[in-house]
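Tertiary structure, described
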Amino acid sequence: MTQQQALQLFLPIVILVPVLYFRMRRMTRAQPLRLDRLWIRPAIFVAITALVLLAPPPHNHPERVLAALDFAWLALAGALGAMAGWQMGRTMAIDVHPENGTLITQGGQAAMLVLVILILFRMGLRAGLSVEAKAWHINMLLVSDASIVFIAALYVARSVEMYLRARRVMALKAVV
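Residues numbered from 1 in each chain as written. Predicted model: local features only at pLDDT ≥ 70, side-chain atom pairs only at ≥ 80, totals over all residues. Heavy atoms only, no water.

**Considerations on a nonpolar patch on the surface**
Put simply, the rule reads: Each patch is built from residues that are more than 30% exposed by relative accessible area and take part in no salt bridge. Like charges join if they lie within 9 Å; nonpolar side chains (Val, Leu, Ile, Met, Phe, Trp, Tyr) join within 5 Å. Surface accessibility follows the Shrake-Rupley procedure with a 1.4 Å probe radius. Residue values consider only the protein chains on display as shielding. Salt bridge, as used here: a side-chain nitrogen of Lys or Arg that lies within 4 Å of a carboxyl oxygen of Asp or Glu. Numbering of helices and strands runs from the N terminus, with a helix taken as a DSSP run of H or I at least four residues long and a strand as a DSSP run of E at least two residues long. Only protein chains enter the accessibility calculation, which uses a 1.4 Å probe; a residue is then buried when its area is under 20% of its type maximum, exposed when over 50%, and partly exposed in between.
Nonpolar side chains collect at one region of the surface, where L9, F10, I13, V14 and V17 lie side by side and expose about 450 Å² of accessible area between them. In this fold, F10 is placed in helix α1 (residues 3-27). The exposure class of F10 is partly exposed, given its relative accessible area of 46%.

**Structural notes on the nonpolar core**
So the rule is basically this: For our purposes a nonpolar core is just a set of buried Ala, Val, Leu, Ile, Met, Phe, Trp, Tyr and Cys residues, chained together by side-chain atoms within 4.5 Å. The criterion used for residue contact is that any of the two residues' heavy atoms lie within 4.5 Å.
Core analysis: the largest hydrophobic core is formed by 24 residues, its most contacted members being L33, I94, L103, F150, L154 and M162. The set of elements that each furnish at least two residues to this core consists of α1, α3 (68-90), α4 (109-136) and α5 (140-175). Beyond its immediate sequence surroundings of up to four residues, M162 is in contact with L33, L38, G89, M92, I94 and T105.

**Focus on the environment of D70**
Structurally, D70 can be placed in helix α3. Using a relative accessible area of 14% as the deciding quantity, one classes D70 as buried. Along the primary structure D70 and D145 are separated by 75 residues, whereas in three dimensions their C-alpha atoms are 9.7 Å apart.

**Observations concerning the pattern of salt bridges**
One pass over the full model with this rule turns up 2 salt bridges. Among the salt bridges present, the one from R34 reaches D36, with a minimum N-O distance of 2.9 Å. For D36, a relative accessible area of 44% gives the class partly exposed. Ionic pairing is found between R165 and E161, a salt bridge with its closest N-O pair at 3.0 Å. Taken as a pair, R165 and E161 lie in helix α5 at a separation of 4 residues, close to a single helical turn. Of the two residues, R165 and E161, both sit in the buried class.

**As for the layout of surface pockets**
Test applied: Lining residues are defined by having an atom within 4 Å of a point belonging to a cavity or pocket. Those points lie on a 1 Å grid over the protein atoms alone, cavities being sets where a 1.4 Å probe fits but cannot get out and pockets being open sets with protein on both sides within 12 Å along at least five of seven lines. Grid points are joined across faces, edges and corners, and a volume is the space filled by probe spheres set on the points.
Roughly 420 Å³ of volume is contained in the second largest pocket. Forming the walls of the second largest pocket are 20 residues, and the residues nearest its centre are Q31, L33, L38, R41 and R158. Every element with two or more residues in the lining of the second largest pocket is listed here: α1, β1 (31-32), α2 (40-54), β3 (103-106) and α5.

**Focus on the pairing of strand β2 (residues 93-96)**
Let me state the cut-off plainly: Here a strand pair is declared whenever DSSP counts at least two bridges between the two strands.
Note: β2 against β3, 4 bridges, orientation antiparallel. Bridge assignment links V96 to a residue of β3, and that residue is L103. From the end of β2 to the start of β3, which pair antiparallel, there are 6 residues, and G101 there has a positive phi angle of about 75°.

**As for the confidence of the model for the protein chain**
In low-pLDDT segments, the atomic positions of the prediction should not be examined closely. Heads up, the condition is: One confidence number per residue, pLDDT, is output by the predictor and ranges from 0 to 100.
Considering every residue of the protein chain, the mean pLDDT works out to 80; 85% of them sit at 70 or more. In the model of the protein chain, α4 stands out as the element of lowest mean pLDDT, 70, in contrast to α3, which has the highest, 90.

**Thoughts on α3**
In plain terms, the rule: Take the residue count of a helix, subtract one, and multiply by 1.5 Å to get its expected span.
Relative to the 33 Å expected for 23 residues at 1.5 Å per residue, α3 spans 33 Å between its end C-alpha atoms, a close match to the ideal helical length. For α3, the full list of buried residues reads D70, L74, A77, G78, G81, A84, G85, M88 and G89.

Okay, structure coming up:
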C-alpha cells in the first residue's frame, strides 16, 4: 500500500470519527423544532441536486445525456433515499416542552445508527466501484448523481415525516 492509498483510506476515517462523535452528542440532546424552518435543508438539497443534474458535464467527459435507464437508476436511488429518510425521521423523538409548550426533538441511537450505516455503505460502495467500475462498465458520474439524489430524497422524506408527526403531536397537545 502506497502512502497515497493509505492516506485515501485513513483520512476519511480520521475526519469522520470526531464528526460523528460530536454529531451524536448533539443529537442526543433535546433541541427546539421549528416547523416553519423544517423545509429549508431539504430545499437546499433539492436545489443542489437540480444544479448537479442540469449542469454541463466535466470537461474530460464527452457530452452526457441521461438515458431512460439512467433515470431508472436515479429513481431507484431517490426511492431508497426516501425510505431511509422516512426511517431516520421516525427514529427522532418529538415531544412538547412541558414548560413553554414548544416542540422539541431528540435523536436517539437508532438515528445515529442509520447515519453510520449510510456512511459505511457509501465508503464501501466507493471503494468497490473504484476497483471494479471499468470491468463492470459502470458510469461513475451516474453513481455520483445517484448518491446526490439519494441524499436529497433522504432529507426531504425525513423532514416530511417529522413535519407530519409534529403536527399530530401539536394536535394531541391541543386536545389535552
